[in-house]
2 protein chains.
Amino acid sequence: MQDSLKKTFPTFSNELIQEIQEHASIQSFKAGDVMMRTGQYINNTMLVTKGQLKVFREGENGGEFLMYFLQPGQACAVSMICATKSQTSQITAVAVDDVELIIVPLSLMEKWMMEHRSWNEFVIYTYRIRFEELLEVVDNIAFRAMDERLEFYLKRHSDACGCKDVKLSHQEIARDLNTSREVISRLLKKMEQRGLVQLHRNHIELLN
Amino acid sequence: MQDSLKKTFPTFSNELIQEIQEHASIQSFKAGDVMMRTGQYINNTMLVTKGQLKVFREGENGGEFLMYFLQPGQACAVSMICATKSQTSQITAVAVDDVELIIVPLSLMEKWMMEHRSWNEFVIYTYRIRFEELLEVVDNIAFRAMDERLEFYLKRHSDACGCKDVKLSHQEIARDLNTSREVISRLLKKMEQRGLVQLHRNHIELLN
DNA sequence: AGGTCTATGTGACAATTGTTACTGTAAGAG
DNA sequence: CTCTTACAGTAACAATTGTCACATAGACCT
C-alpha cells in the first residue's frame with residue numbers, strides 16, 4: 001500500500017503516509033454503487049486511490065445535476081466541508097468504475113492540518129481545484145444553452161475515459177444534465193446531422 | 001486600526017494582527033466602483049473591513065451573473081485562488097457601498113499559512129463558506145425557474161441591507177440574473193398581483 | 001410649461017425546453 | 001425462436017424565456 005499511496009499522492013510526506021497507513025481505513029465500491037447520498041451524515045474525508053466517481057447535486061424535487069468527476073489522487077472537497085462541520089452531505093457520489101477510497105476521520109483531518117505541511121497544502125489545493133471546477137459549472141448553466149452544455153458534457157466524458165466513445169444512454173445523459181431524455185435525443189440528432197457524432201445504441205461516437 | 005481589525009476579524013491572533021498592520025496596505029473604493037475586473041492580473045488577497053461588494057462571473061458574450069456578496073470580516077476566495085497561482089481574475093467585483101479593503105500580498109499570504117494558525121483557519125473557513133455559497137448558486141440556476149430565482153434574489157438583497165426596500169431598477173436586476181429587463185418587469189408584475197411586492201420607481205417594496 | 005432623460009408596462013412573436021404519447025427496434029432471457 | 005424490456009426516434013403541444021416594438025410615466029433641468 002505504501003508504494004501505491006506514494007504514487008497516487010506524490011506530494012505527501014513520508015511521515016504523513018506513515019500516519020495514513022496507521023490510522024486510516026480503506027473502503028471499496030463497485031461500479032454503479034451510490035457511495036454517498038444527500039442527507040447522509042458525514043464525519044470523514046475521502047481520498048480516491050482507484051477508479052473514478054461522479055459527484056451530483058440533488059434538487060428538492062428529485063432532480064440531479066452532475067458537478068464533477070473525481071480521479072485517483074483527488075479528494076472530495078464537499079466531504080471536507082461537511083466533515084469540518086460534522087454535517088450531513090449536500091451531494092451524492094456514484095462510482096463510475098470500481099473505486100477504492102481512503103477514509104480519514106474528522107479528528108485526524110484537523111490534527112494533520114497543523115502537523116503536516118503536505119496535508120495542509122493538499123487540503124487547500126483540493127478546495128482550489130473544486131472551486132474552479134464549480135465556477136466552470138456555473139458558467140455552463142448560467143451562460144450556455146442545452147446544446148452547448150451537451151457538447152461540453154460529451155467532451156468531458158471522452159476526456160475522462162480517454163477514448164472517443166461515450167458509453168451512456170440518452171436517459172443517463174438527461175439525468176446528469178437535469179433535463180429529459182427527449183431533449184437529449186433531439187439535440188444528439190442535430191449533432192449527428194452536423195457531423196459531430198455518430199449515434200449507436202448505448203453509446204455515442206465522437207467524430208472529428 | 002488595531003481595534004477595528006480586532007472587531008472585524010475576531011479570530012485573528014494578536015501576532016497576526018500585528019503583522020497585518022506592519023505589512024498590509026489599505027485600499028478604498030466608492031460605491032459603484034469596479035474593484036476588480038475579469039482578466040485583471042492578481043497577486044494579492046483582499047479582506048473586507050468596511051462596506052459591501054458584489055462578486056460576478058462574466059460570460060464570453062458580455063453577460064454577467066451575480067454569485068455572492070462579501071461583507072466586512074470576509075475575504076474573496078477567488079482572489080485567494082488566483083493569488084495562489086498568480087493568475088488573472090476570473091470574476092468581477094463591484095462596490096455596493098463605500099468599501100475599505102486590506103491588501104495582503106501573495107508572498108505573505110503563503111508565509112502566514114504556516115506561521116499563524118488563525119490565518120490558516122481563516123483561509124480554510126473562507127474557502128468553505130464560498131464553496132457552500134457556490135453550491136447554492138448552482139442549485140438556483142440548475143433547479144429553479146426565473147420566477148423563483150427572482151424571489152430568492154430579492155430576499156437576499158433585503159437581508160443584505162436589513163430593510164424591506166430593494167433599491168434597484170429592473171435593468172440592474174436583469175443584469176445580475178443574466179436575463180432581460182422585460183422578463184424581470186413581467187415577473188415582478190406577477191409578484192405584485194400575488195401580493196408579494198409593491199412596485200415603485202427605482203425601488204421594490206417587499207410585503208408580507 | 002416644455003423638453004429630455006430614464007424607468008417601466010405591455011403586446012406580439014420567436015426560440016428553446018419540457019411533456020405527452022406513441023412507434024419501432026435492438027438485446028437479452030427463457 | 002419468441003417474449004420482454006430498455007433504448008431511441010419523433011410529432012404535437014405547452015410553458016418558459018428572449019426579443020422587438022412601442023407606449024406611458026415620472027424625474028429633472030431650464
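Source: prediction; values computed, not measured.

Participant: Could you give an account of the side chain of T92(A), with specific residues and numbers?
Facilitator: Residue and element names in this part refer to chain A. Looking at the element boundaries, T92 is found in strand 6 (residues 92-95). Its relative accessible area of 2% is what places T92 among the buried residues. Residues contacting T92, with those up to four places away along its chain left out, are V34, M36, R37, T38, K54, V55, F56 and E58.

Participant: Just give me the short version of the interface of chain B and chain A, but keep the residues and values in it.
Facilitator: In this complex, chain B contributes 38 residues to the contact, which on the side of chain A involves 38 residues. Taken together, both faces of the contact between chain B and chain A bury some 3,400 Å²; the carbon and sulfur share is 72%. Together, F131(B), L135(B) and F143(B) form the three largest contributors to the area buried by chain B at its contact with chain A, with a combined 20%. At the boundary of chain B with chain A, the tally comes to four salt bridges. One salt bridge in this structure joins R57(B) and D139(A), with 2.7 Å as the shortest N-O distance. The interface formed by chain B and chain A holds six residue pairs in polar contact (both at pLDDT 80 or more) in total. Put simply, the parts of the chain that give the side of chain B that touches chain A at least two residues each are strand 4 (53-58), strand 5 (64-70), helix 3 (77-85), helix 4 (106-115) and helix 5 (117-143) of chain B.

Participant: Summarise the pattern of salt bridges; cite the residues concerned and give the values.
Facilitator: Pairs may arise between side chains of opposite charge once their charged atoms sit close together. Applying the stated criterion to the full structure yields 20 salt bridges over all chains. Its salt-bridge partner being R144(A), residue E60(B) comes within 3.3 Å of it at the nearest N-O pair. Within this pair, whereas E60(B) is found in the loop between strand 4 and strand 5, its partner R144(A) is found in the loop between helix 5 (117-143) and helix 6 (146-161), the two belonging to separate chains. The shortest N-O distance in the salt bridge between E192(A) and K189(A) comes to 3.0 Å. One end of the pair, E192(A), and the other, K189(A), are both in helix 8 (residues 181-193), three residues apart, so they sit about a helical turn from each other.

What counts as what
Residues numbered from 1 in each chain as written. Chains lettered and ligands numbered in written order. Predicted model: local features only at pLDDT ≥ 70, side-chain atom pairs only at ≥ 80, totals over all residues. Heavy atoms only, no water. Helix = DSSP H or I, 4+ residues; strand = E, 2+ residues; numbered from the N terminus. Buried < 20%, exposed > 50% of the residue type's maximum accessible area, 1.4 Å probe, protein only. Contact = heavy atoms within 4.5 Å. Buried area = accessible area lost by both parts, 1.4 Å probe. Salt bridge = Lys/Arg side-chain N within 4 Å of Asp/Glu carboxyl O. Polar contact = N/O pair within 3.5 Å; in protein donor to acceptor, adjacent residues only side chain to side chain.

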